Each structure stands twice: as C-alpha cells, then as structure tokens.
Amino acid sequence: MNQYLIPANSKRSMLILGLFTPVDLIIVAIGGLITLALLFAVNAETIQDIGIILTPLLISAAMVSPVPNHRNVWNLTANIYNFFSKRRTYYWRGWCMTHVEEETTNEK
C-alpha cells in the first residue's frame, strides 16, 4: 500500500526564505522607500525626528514580522481599521415593540 508522508513544513517551502510571501516583501520595500525619501527630505536634528523618519519602515516591518498566526493579525488589523473608518448603520427594534410593516397601496 502506498502511504505518503507530508512533511510538516511543506507550506513553508513555498515562501521566500521560508517566512515571507511576495506581498510581504513589497510592503517592506514600500516602507523602506518612504523612509529613505523622508531621510533625504527631512533634516533630522533630534531623536523625535529620527523616530518620525523611521516610522514607515518600523510599521511595515511589524506588519510582516513572522509572528505565530500572522495572517490572523492581518485580518484583525483590517477589521479594526474597517470598524473605525467605515460608516456603521445599526438597525434595532426593541424587544418590547411589535414590528408592523406598513403596507403600501397602489392607488390608481
């Protein structure tokens, strides 16, 4: 009988360096380019200036860092962003009210 053993790290072999997808590397590259542009555009005189310049790179690196279940972290981040940025409409009918739909009549 043919029994094949699938190694536990078979999905990791499809990733770049065993950790990153191409989208992850694009995100870090964009963060690095923005940081590089800020480095040449802003005259950094204080530690706060350096922190502001490094912020895009640090955020992009944190987004793609190989934490356990990092795709779940991506989804959580997207859900939080959508919660605070999108309009929300809540429809509520109280439990003590009876819901009666109004009938529309076509008068001719």
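All figures in this text were calculated on a predicted structure; none of them were measured in a lab.

> Explain the overall build of the protein here, please?
A tally of regular secondary structure across the protein gives three helices and zero strands. Shown N-terminal to C-terminal, the secondary structure of the protein runs as helices and strands in the order α-α-α. Across the 108 residues of the protein, 12% fall into the buried class. For the protein, the proportion of contacts with a sequence separation of at least 24, taken over those separated by at least 6, is 46%. In the form shown here, the protein has an accessible surface area of approximately 10,300 Å², with 64% of it arising from carbon and sulfur atoms.

> I'm lost on the environment of Ala44 in this one. Help?
Secondary-structure assignment places Ala44 in the loop between helix 1 (22-41) and helix 2 (47-64). Not counting residues within four places of it along the chain, the set of residues in contact with Ala44 comprises Asp49, Ile50 and Ile53.

> Any chance you could explain helix 1 here in plain terms?
Think of an α-helix as 3.6 residues a turn; residues three or four steps apart then line up on the same face. Given a rise of 1.5 Å per residue, 20 residues ought to cover 28 Å, and the 28 Å separating the end C-alpha atoms of helix 1 matches this to within 8%. The set of residues buried in helix 1 consists of Asp24, Ile27, Gly31 and Thr35. Angularly, the buried residues of helix 1 cover 70° about the axis, an arc narrow enough to put them on a single face. Helix 1 presents Pro22, Val23, Ile26, Leu33, Phe40 and Ala41 as exposed residues on the side facing more than 90 degrees away from its buried surface.

> I'm lost on the packing of aromatic side chains in this one. Help?
In this structure the tally under the stated criterion is one aromatic pair. Ring geometry for Phe83 against Phe84: centres 5.1 Å apart, planes inclined by 80°, an arrangement best described as edge-to-face.

> Looking at this structure, how should I read the packing of helix 1 against helix 2?
Two measures define how a pair of helices packs: the angle their axes make with one another and the distance between the axes. Across the interface, helix 1 lies against helix 2 with an axial gap of 7 Å and an inter-helix angle of 175°. Between helix 1 and helix 2, the angle is such that the two are roughly antiparallel. The residues of helix 2 that touch helix 1, namely those facing Asp24, Ile27, Val28, Gly31, Gly32, Ile34, Thr35, Leu38 and Leu39, are Ile52, Ile53, Leu54, Pro56, Leu57, Ser60, Ala61 and Val64. Residues belonging to the contact of helix 1 with helix 2 are distributed by class as follows: twelve nonpolar, four polar and one charged.

> How should I be thinking about the confidence of the model for the protein in this particular structure?
Interpretation of this model should avoid reading the predicted coordinates in detail wherever pLDDT is low. Looking at the protein as a whole, its pLDDT mean stands at 78, while 66% of the residues score no less than 70. When mean pLDDT is compared element by element in the protein, helix 1 scores highest at 90, while helix 3 (residues 70-85) scores lowest at 82.

Thresholds applied
Residues numbered from 1 in each chain as written. Predicted model: local features only at pLDDT ≥ 70, side-chain atom pairs only at ≥ 80, totals over all residues. Heavy atoms only, no water. Helix = DSSP H or I, 4+ residues; strand = E, 2+ residues; numbered from the N terminus. Buried < 20%, exposed > 50% of the residue type's maximum accessible area, 1.4 Å probe, protein only. Contact = heavy atoms within 4.5 Å. Areas by Shrake-Rupley, 256 points an atom, 1.4 Å probe, with all protein chains shown as cover. Expected span 1.5 Å × (residues − 1). Arc of directions from axis to C-beta. Phe/Tyr/Trp six-rings, centres within 6.5 Å; stacked < 30°, edge-to-face > 60°. Axes fitted to C-alpha atoms, helices over the stretch in contact; angles between N-to-C directions. Parallel < 35°, antiparallel > 145°, perpendicular 65-115°, else oblique. Nonpolar A, V, L, I, M, F, W, Y, C, P; charged D, E, K, R; others polar. pLDDT = per-residue confidence, 0-100.

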